[in-house]
Amino acid sequence: MFETLKEMLVSKLKVAPEQVTPEATREDVELDSLAVVELSLLLEKELGLQISDDELLEAATMGDMADLMVERSASA
């Protein structure tokens, strides 16, 4: 799921691929709150995952975001 998240960040939100690691924080990949809202919408539209921007903002790292995606896909 991390690779899916990375692909979305790189292709849709124009994040540099080398910045996206499981340990990277939102600040490391330069995701502001608006980009997080956009990511939340993309996850729902493209993957059918309901994850709010608030939940994404609470995730400390990109790995945590990917874990959240795994949790939601399992319960979907």
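Residues numbered from 1 in each chain as written. Predicted model: local features only at pLDDT ≥ 70, side-chain atom pairs only at ≥ 80, totals over all residues. Heavy atoms only, no water.

Per an unreviewed UniProt entry, the chain carries the name Phosphopantetheine-binding protein and comes from Streptomyces doudnae.

1. Digging into helix α4 (residues 62–75)
Defined as follows: Each helix corresponds to a stretch of at least 4 residues labelled H or I by DSSP, and each strand to a stretch of at least 2 residues labelled E; elements are numbered beginning at the N terminus. By this rule the span expected of a helix is its residue count minus one, scaled by 1.5 Å. Partly exposed describes any residue whose relative accessible area lies between the buried limit of under 20% and the exposed limit of over 50%, with all areas from a 1.4 Å probe on protein chains only and scaled to the type maximum. Throughout, a contact is declared for two residues whenever any of their heavy atoms are within 4.5 Å.
The end-to-end C-alpha distance of α4, which contains 14 residues, comes to 20 Å, matching closely the 20 Å that a straight helix rising 1.5 Å per residue would cover. Inspection of α4 places M62, G63, M65, A66, L68 and M69 among the buried residues, and these make up the whole buried set. Contacts made by the buried residues of α4 are with α1 (2–13), α2 (33–47) and α3 (53–58).

2. Structural notes on the environment of R72
Within the fold, R72 resides in helix α4. Residue classification places R72 among the partly exposed positions, given a relative accessible area of 23%. In this structure, the C-alpha to C-alpha distance between R72 and I51, residues 21 residues apart in sequence, is 7.6 Å. Discounting residues that sit within four places of it in the chain, R72 has contacts with L49, Q50, I51 and E55.

3. Thoughts on the packing of α1 against α4
Operational definition: For helices, the fitted line uses only the C-alpha atoms of the stretch in contact; every axis is such a line through C-alpha atoms, and the angle between N-to-C directions lies from 0 to 180 degrees. Every angle not falling under 35 degrees, over 145, or within 65 to 115 is termed oblique; those three ranges are roughly parallel, roughly antiparallel and roughly perpendicular. Take the far helix as your reference; a near helix turned counterclockwise from it by less than a right angle gives a left-handed crossing, and one turned clockwise gives a right-handed crossing.
At their nearest, the axes of α1 and α4 sit 9 Å apart, and the two run at 115° to each other. Classed by the angle they form, the pair α1 and α4 counts as roughly perpendicular. Read as a crossing pair, α1 and α4 show a hand that is right-handed. Contacts from F2, T4, L5 and L9 in α1 reach M62, M65, A66 and M69 in α4.

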